[in-house]
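Chain by chain, the residues run as shown.
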Amino acid sequence: MSSTTDKLKGLANEAVGNIKQGIGNATGNDKLVAEGKAQELKGETQKTVGEAKDGVKNVADKITGR
């Protein structure tokens, strides 16, 4: 998966996770809140992986002179 794809999927998972948490809080559904938090954390991890891939690529580009 490319770094951009990782970051986009991460943003989407964070957004959906936040929505689930909001709905769960509004309805008193603790399970939905927990699912939302888990999805948000998954999204944060995906974004971090994408950013790490960008960092590795930038270092490789500097070493190879690109």
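Residues numbered from 1 in each chain as written. Predicted model: local features only at pLDDT ≥ 70, side-chain atom pairs only at ≥ 80, totals over all residues. Heavy atoms only, no water.

(A) Representation of the overall build of the chain in the model. Each helix and strand counted, the chain has two helices and zero strands in total. On C-alpha atoms alone, the chain measures out to a radius of gyration of 16 Å, which is more than a quarter above the 11 Å that the 2.2 N^0.38 rule sets for 66 residues. If one aligns the C-alpha atoms of the chain with their principal axes, the spans along those axes are about 55 × 15 × 10 Å. Scored against the burial criterion, the 66 residues of the chain give a buried share of 26%. Of the contacts formed within the chain by residues at least 6 apart in sequence, a portion of 60% connects residues at least 24 apart. (Helix = DSSP H or I, 4+ residues; strand = E, 2+ residues; numbered from the N terminus. Rg over C-alpha atoms; globule rule 2.2 N^0.38 Å. Buried < 20%, exposed > 50% of the residue type's maximum accessible area, 1.4 Å probe, protein only. Contact = heavy atoms within 4.5 Å.)

(B) Quick peek at the pattern of salt bridges. Applying the stated criterion to the full structure yields six salt bridges. Residue K7 is joined to D54 by a salt bridge in which the shortest nitrogen-to-oxygen separation is 2.4 Å. A residue pair is termed long-range when its members are at least 10 positions apart, and K7 in helix α1 (residues 3–27) and D54 in helix α2 (residues 30–64) qualify at 47 residues. With a relative accessible area of 23%, D54 lands in the partly exposed category. (Salt bridge = Lys/Arg side-chain N within 4 Å of Asp/Glu carboxyl O.)

(C) Looking closely at the environment of V33. With respect to the element layout, V33 can be found in helix α2. Once the C-alpha coordinates of V33 and N18 are considered, the two residues, 15 residues apart in sequence, prove to be 8.7 Å apart. Here V33 is in contact with K20, Q21, G24 and N25, once residues within four sequence places are set aside.

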